[in-house]
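Examination of the molecular architecture
Here's the letter readout for the chains.
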Amino acid sequence: MTETQILRFGGSESLDEPGRSSSRNRLLSILDPEDFALLAPAFERVSLSLNEILLAAHTPIRHAYFIEEGLISIVADVSNTEGGRVEIGIVGYEGLVGLPLVLGADQSPHIGLVQAEGCALRIAAADLHMAMHKSASLRGVLGRFAQSLIVQVGQTVYANADLNIEARLARWILMTQDRLCRDELPLTHKFLSLMLGVRRPSVTMATQLLEGEGMIRARRGRITVLNREKLLDLVGDAYGVSEAEYERLLMRA
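The text that follows walks through the structure, step by step, so that each part is easy to find.

Cut-offs applied
- Residues numbered from 1 in each chain as written.
- Predicted model: local features only at pLDDT ≥ 70, side-chain atom pairs only at ≥ 80, totals over all residues.
- Heavy atoms only, no water.
- Helix = DSSP H or I, 4+ residues; strand = E, 2+ residues; numbered from the N terminus.
- Buried < 20%, exposed > 50% of the residue type's maximum accessible area, 1.4 Å probe, protein only.
- Contact = heavy atoms within 4.5 Å.
- Areas by Shrake-Rupley, 256 points an atom, 1.4 Å probe, with all protein chains shown as cover.
- Salt bridge = Lys/Arg side-chain N within 4 Å of Asp/Glu carboxyl O.

Turning our attention to the overall build of the protein chain. In terms of helices and strands, the protein chain carries 11 helices and 10 strands. In the protein chain, buried positions account for 52% of the 253 residues. Long-range pairs, those at least 24 residues apart, make up 75% of the contacts in the protein chain between residues at least 6 apart in sequence. With an accessible surface of roughly 11,700 Å², the protein chain has 51% of that area assigned to carbon and sulfur atoms.

Within the fold, Leu 210 resides in helix H9 (residues 200–212). When the C-alpha atoms of Leu 210 and Ala 167 are compared, they prove to be 9.1 Å apart, with 43 residues separating the residues in sequence. Excluding anything up to four places from it in sequence, Leu 210 contacts Glu 166, Leu 169, Ala 170, Ile 173, Met 215, Ile 216, Leu 231 and Leu 234.

This part takes up the pattern of salt bridges. Under the counting rule described, the total for this entry stands at 8 salt bridges. For the salt bridge of Glu 245 with Arg 248, the shortest nitrogen-to-oxygen distance reads 3.0 Å. With a gap of 3 residues between them, Glu 245 and Arg 248 both fall in helix H11 (residues 241–250), about one helical turn apart.

Here it is as structure tokens:
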């Protein structure tokens, strides 16, 4: 695991109330001020480097990460896929990495891998547990996020079982665009083969099909979304369920 670079808000500094309202992390932005104040003294803002492992499998989880920018893949080790890994979920600025801590576990068989660089607010496991112990409302917000991520993983299982590779690729592009908030996405064929659990020639064929239909433009290491509506039509109901669940659970008035 590489050492995470601390950008600001070292351990001796705290985040004040304007930090909550201006945070790009959606979970933090909806917390009650009192709940944010429980977390703030323990936060440090860190950079997230490409391919950095935030969570290692079968290893005690030392920190949780409230993502402000970037994309993190939740990855399972699967021996029969190229590279031995397959993505089962993704997290961006809408959530946190280190969910087992919220659910009372101290480790996971899965890996948290940075797929698009960015930054996050990091908090030690003990400090997160202490804040959750003090606040039922904080536990409620984090628990509802856990539910939304469970639904996302379930939808991924459905997509992998029912959709062809082109539709699965389209779904992932839509989910990535949601979290990076831009049309140009940093996607290599190596990463796409990890995400889809297939070999690179299959990724190449699927990418070429979407490009031929005018949905995307593919360049080395980059995919640009050209027609989101076509991508949505291709994916159908495999996209939108977990997104709606997140909004229902966490963005309600």
